[in-house]
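Analysis of the macromolecular model
Okay, here's what each chain looks like letter by letter:
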Amino acid sequence: MILTVTPNPSLDRTYEVPSLDRGEVIRATGERMDPGGKGVNVSRAVAAAGRRTVAVLPLGGAPGALVADLLDAQGIEVAPVPVTGATRSNIALAEADGVLTKINAPGPELSAEEQELLLETVRAQSRDADWIACCGSLPRGLAPAWYADVVARAHAGGARIALDTSGRALLEALRERPDVVKPNAEELAEAVGRPLATVGDAVKAAEELREMGARAVLASLGADGQLLVDGAGAWFGSARVDVVRSNVGAGDSSLAGFLIAGGSGPEALASAVAHGAAAVQLPGSVMPTPGDLDLAAVTVTADVPVDRELSEPVS
């Protein structure tokens, strides 16, 4: 079972539009409403793969109730933490050329009692978990060190933990040695405080995160592929993608694929790449099923192309 923790979940509305023209009336060609948040998306991808998952998340108001209903309809067990504030609602505008514009609301502020209940719910639900995936931004009220506390408690209980967050929350958590962290290129550059222009730059940055405490780094480099750097070495994975429809949740799908395949080594990286590649070819934040995966299109190698320039360098 994979347990996910989403401290700041959302109700996500995605509209497909021909193009985004400011100040104009835009007619959507398609729309979706999904439960959102990075950890929620990991659970959705795990459930789409036919595996058991439990989602821990604070929920409040009518949007929170709708998130719980949508997750239940997808076969995801929900361990809700009732909060006074309403769950946030986000909007994504997906253009025909693959460009995505997102508007994310801040979310409710959690009281001290709600914060403690969230931690206790994670502890109670983690007994049967093979992995705990903590993902996303922290809501108002939670200190940057909150994820570090979750990692410490998870390890004390014998659980493995994957972390997908950024900024100070990531840096604070590294001291507790999470089993795997999953930054994208921008988050990786922010963590080491310098730009990334090549795959080799990304490898060096991932190695620095390991020096800071991460036991493994699974880094998403967008269209350029993914890196896995751990104590055994470094691997680079990429896949052929014919049409990009939406990258919403693609990184979360990748993390789910990585954990489903065991959470370590090149085989898990191949699964992560396959899940991410399948996700970007689906509309909105639809998560891929096993039938959507094309492992034959995935290449994983220990011969990392360190001199390859990133198609979207991070400054």
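What counts and how
As a convention, each chain's residues are numbered from 1 in the sequence order in which they are written. Reporting of local features is limited, given that this is a predicted model, to residues whose pLDDT is at least 70; pairs of side-chain atoms are given and counted only at 80 or more, and all residues count toward the totals for whole chains, interfaces and linings. Side-chain numbers come from the whole structure's heavy atoms, not from hydrogens or water. UniProt positions are given in the numbering used here, feature names are shortened, and annotations may be inferred rather than shown by experiment. The helix and strand labels rest on DSSP assignments: H or I over at least four residues marks a helix, E over at least two residues marks a strand, and numbering proceeds from the N terminus. The split into domains, and so the bounds of each, comes from an automatic or database assignment of domains. Residue contacts follow a heavy-atom distance rule, with two residues in contact if any of their heavy atoms lie within 4.5 Å. By convention, the term buried area covers the 1.4 Å-probe accessible surface removed from two parts as they join, with the contributions of both added. Salt bridges are counted wherever a side-chain nitrogen of Lys or Arg sits within 4 Å of a carboxyl oxygen of Asp or Glu. Any N or O atom pair separated by 3.5 Å or less is treated as a polar contact, with the protein-specific requirement of one donor-capable and one acceptor-capable atom, and with residues adjacent in sequence counted only for side-chain atom pairs.

1. Re the UniProt feature "domain: Carbohydrate kinase PfkB" (unreviewed entry) in the chain
Feature annotation in UniProt places "domain: Carbohydrate kinase PfkB" (unreviewed entry) on residues 16-287, given in this structure's numbering. End C-alpha atoms of residues 16-287 are separated by 17 Å, and the span's content is 39% helix alongside 24% strand.

2. Focus: the domain arrangement of the chain
The domain architecture assigned to the chain consists of domain 1 (1-9 + 35-89 + 102-178) and domain 2 (186-315). Look at where the C-alpha atoms of domain 1 and domain 2 centre, and you get two points 22 Å apart. Taken together, the contact between domain 1 and domain 2 spans 26 residues of the former and 23 residues of the latter. Of the roughly 2100 Å² buried at the junction of domain 1 and domain 2 (both faces included), carbon and sulfur atoms supply 62%. For the domain 1 face of the interface with domain 2, the top three residues by lost area are Trp 131, Leu 174 and Arg 177, together amounting to 23%. The tally of links from domain 1 across to domain 2 stands at one salt bridge. Counting across the interface, domain 1 meets domain 2 through six residue pairs in polar contact (both at pLDDT 80 or more). Counting only elements with at least two residues in the side of domain 1 that touches domain 2, the list comes to helix 1 (38-48), strand 8 (131-135), strand 9 (160-164) and helix 5 (167-174).

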